[in-house]
Amino acid sequence: MTDPSAPATLDDTLRTLAPQVLGALVRRYGRFDPAEDAVQEALFKAAQQWPATGVPERPFGWLLQVASRKLIDLLRADQARREREFRAVREDVGERTGDDTLILLLLCCHPSLSVASQIALTLRAVGGLTTAEIARAFLTSEDSMTRRISRAKRTVQDSGVPFRMPPEEARGERLEAVLHVLYLIFTEGYSATSGPDLRRADLVAEAIRLAETTAASLPDDSEAAGLLALMLLTDARSPARATEQGELVPLHEQDRTQWKAGSIRRGVELVTAALPRGPVGPYQLQAAIAAVHDEAATAEETDWRQIAGLYRLLLKVSASPVAKVSHAVAVGMADGPAVGLELLEALDHRDRRFYAARAHLLEKAGDREAARSAYRRAAGLATNIRQVRYLNACARRLSEGAHHD
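Summary of the structure given here. Worth saying up front: this structure is predicted, and the values here are computed from it rather than measured.

### Overview of the overall build of the chain
Here is step 1 of the chain: Along its length, the chain carries 19 helices and zero strands.
Here is step 2 of the chain: Counting only C-alpha atoms, the chain reaches 85 × 45 × 40 Å along its principal axes.
Here is step 3 of the chain: Looking at the chain residue by residue over its 405 residues, the buried ones come to 47%.
Here is step 4 of the chain: Residue pairs in contact within the chain that sit at least 24 positions apart in sequence constitute 65% of those at least 6 positions apart.
Here is step 5 of the chain: On the chain, the mean spot of the 52 positive side-chain charges and the mean spot of the 54 negative ones are 4 Å from each other.

### Thoughts on the environment of Ala 125
Here is step 1 of the chain: Residue placement: Ala 125 occurs in helix 6 (residues 115-126).
Here is step 2 of the chain: Along the backbone, Ala 125 and Thr 101 are 24 residues apart, and their C-alpha atoms lie at a distance of 9.8 Å.
Here is step 3 of the chain: Apart from residues no more than four positions distant in its own chain, Ala 125 is found in contact with Pro 19, Leu 22, Phe 32, Glu 36, Leu 104 and Cys 108.

### A short note on the state of the cysteines
A covalent bond between the sulfur atoms of two cysteines is what we call a disulfide.
Here is step 1 of the chain: Counting across every chain of the model gives zero disulfides.
Here is step 2 of the chain: The thiol sulfur of Cys 109 is not disulfide-bonded, and the nearest other cysteine sulfur, from Cys 108, lies at 6.5 Å.

### Notes on the side chain of Ser 263
Here is step 1 of the chain: Within the secondary structure layout, Ser 263 lies in helix 12 (residues 261-274).
Here is step 2 of the chain: Every residue in contact with Ser 263, bar those within four places of it in the chain, is listed here: Leu 232, Leu 233 and Ala 236.

### A few points about the pattern of salt bridges
Here is step 1 of the chain: Evaluated as defined, the whole model comprises 16 salt bridges.
Here is step 2 of the chain: The shortest N-O distance in the salt bridge between Arg 15 and Glu 206 comes to 2.6 Å. Remark: Glu 206 occurs in helix 10 (residues 201-217) and Arg 15 occurs in helix 1 (residues 10-29); sequence separation between them is 191 residues.
Here is step 3 of the chain: Look at Glu 206 and you get buried, because its relative accessible area is 2%.
Here is step 4 of the chain: Shared partners join several salt bridges into a network, and the residues in it are Arg 15, Glu 206 and Arg 209.

### Re a positive patch on the surface
Here is step 1 of the chain: Side chains of Arg 147, Arg 148, Arg 151 and Arg 154 sit close together on the surface and give a patch of like positive charge.
Here is step 2 of the chain: On the basis of relative accessible area, Arg 151 is assigned to the partly exposed category, the value being 44%.

### Focus on the packing of aromatic side chains
Here is step 1 of the chain: The tally for this structure, following the rule as stated, stands at four aromatic pairs.
Here is step 2 of the chain: Seen from their ring centres, Phe 186 and Tyr 190 are 5.8 Å apart, and the 10 degrees between their planes marks the pair as stacked. Remark: Tyr 190 and Phe 186 occur in helix 9 (residues 168-190); sequence separation between them is four residues, near one turn of the helix. No difference in accessibility class separates Phe 186 from Tyr 190, as the two residues are buried.
Here is step 3 of the chain: Consider the rings of Phe 354 and Tyr 355, whose centres lie 5.0 Å apart with planes at 85 degrees: the pair is edge-to-face.
Here is step 4 of the chain: One Lys or Arg, Arg 241, reaches over the ring of Tyr 190 and ends 3.9 Å from the middle of that ring.

Thresholds applied
- Residues numbered from 1 in each chain as written.
- Predicted model: local features only at pLDDT ≥ 70, side-chain atom pairs only at ≥ 80, totals over all residues.
- Heavy atoms only, no water.
- Helix = DSSP H or I, 4+ residues; strand = E, 2+ residues; numbered from the N terminus.
- Buried < 20%, exposed > 50% of the residue type's maximum accessible area, 1.4 Å probe, protein only.
- Contact = heavy atoms within 4.5 Å.
- Lys, Arg positive; Asp, Glu negative; His and termini not counted.
- Charge placed at Lys NZ, Arg CZ, Asp CG, Glu CD.
- Disulfide = S-S within 2.5 Å.
- Salt bridge = Lys/Arg side-chain N within 4 Å of Asp/Glu carboxyl O.
- Patch = residues over 30% accessible without salt bridge, like charges linked within 9 Å, V, L, I, M, F, W, Y side chains within 5 Å.
- Areas by Shrake-Rupley, 256 points an atom, 1.4 Å probe, with all protein chains shown as cover.
- Phe/Tyr/Trp six-rings, centres within 6.5 Å; stacked < 30°, edge-to-face > 60°.
- Lys NZ or Arg CZ within 6 Å of the ring centre and 35° of its normal.

Take a look at the structure:
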């Protein structure tokens, strides 16, 4: 993550302002596609001119004026309308713009869209990623992603939803959708489901940036703070999570001196402040679990009993299959592998994580043959090549150890 104390680069400035300008245009004109084209034109002109002339005193106003001119041209407005809209634009320059980015996020996460379309539209309209970049991230063709994003824009536009904060009764559900989409973007970036790389740094950085924006726009929302804390605390381990060749290094083998101390400090501060402030939700609890891991100086010093207790709380508010598997592992580490294995065997959902967890606990219990079989089963279900290699290496290690016994 970029050091928040470092001076902003031109790219940083434009990336931050782009969704604010797009939000202002969509709010005023109600047209998504031409507004986006107009903003891209304004960003292009800024990238050409500002390095020579310097960043204007009011860069948002500059971009909004340029984008508005382009949009009015695209809409072929008459001269009278042009003057009327320019007067409105000049008034807009003095308005708050922070809410527009949040409202744009809410629009992109409209409930009429599929989750995949919500993610794609968020990355395009708010994140500023090109369609080609989004297509590469999700291993699909640019044409396919273009069609998906175009359909999503039409769906939002045809829904007739006005560009403003949703009414109070609908706000909670819509904000929950935004946080869920940002969480999915982060998890796909941190643990890529497929492809040659373990991690997609661009998606991780974008998820954190959008979570920062959301948390800043919702200073009293403890779950928004919890999500940002979870991302920071998890991504803090990324420097030690892979070898120089890109192979996976599991948490208990990582060199913790490589972890990002600043991200850990900030994540701990965020979740510590969030937990007593409002209703405790799944992101706060997952952040608290990540904090316990990150604050342990060594793997052996990890407070597994506290982690198991936090997972029990998490299961009460969000009993996902991943949470159930993680709870079983934590209990196995705290109370012995046999207890954890008993919890695992009671689960119905059996995927790569289930078999990897089962293999780990079986190895702890000394059942090498069963552990080797479970590692191979997990490798067979994994879709990321780095995870496949790691799980197969674990199975081979147990096979080699058996030959030496």
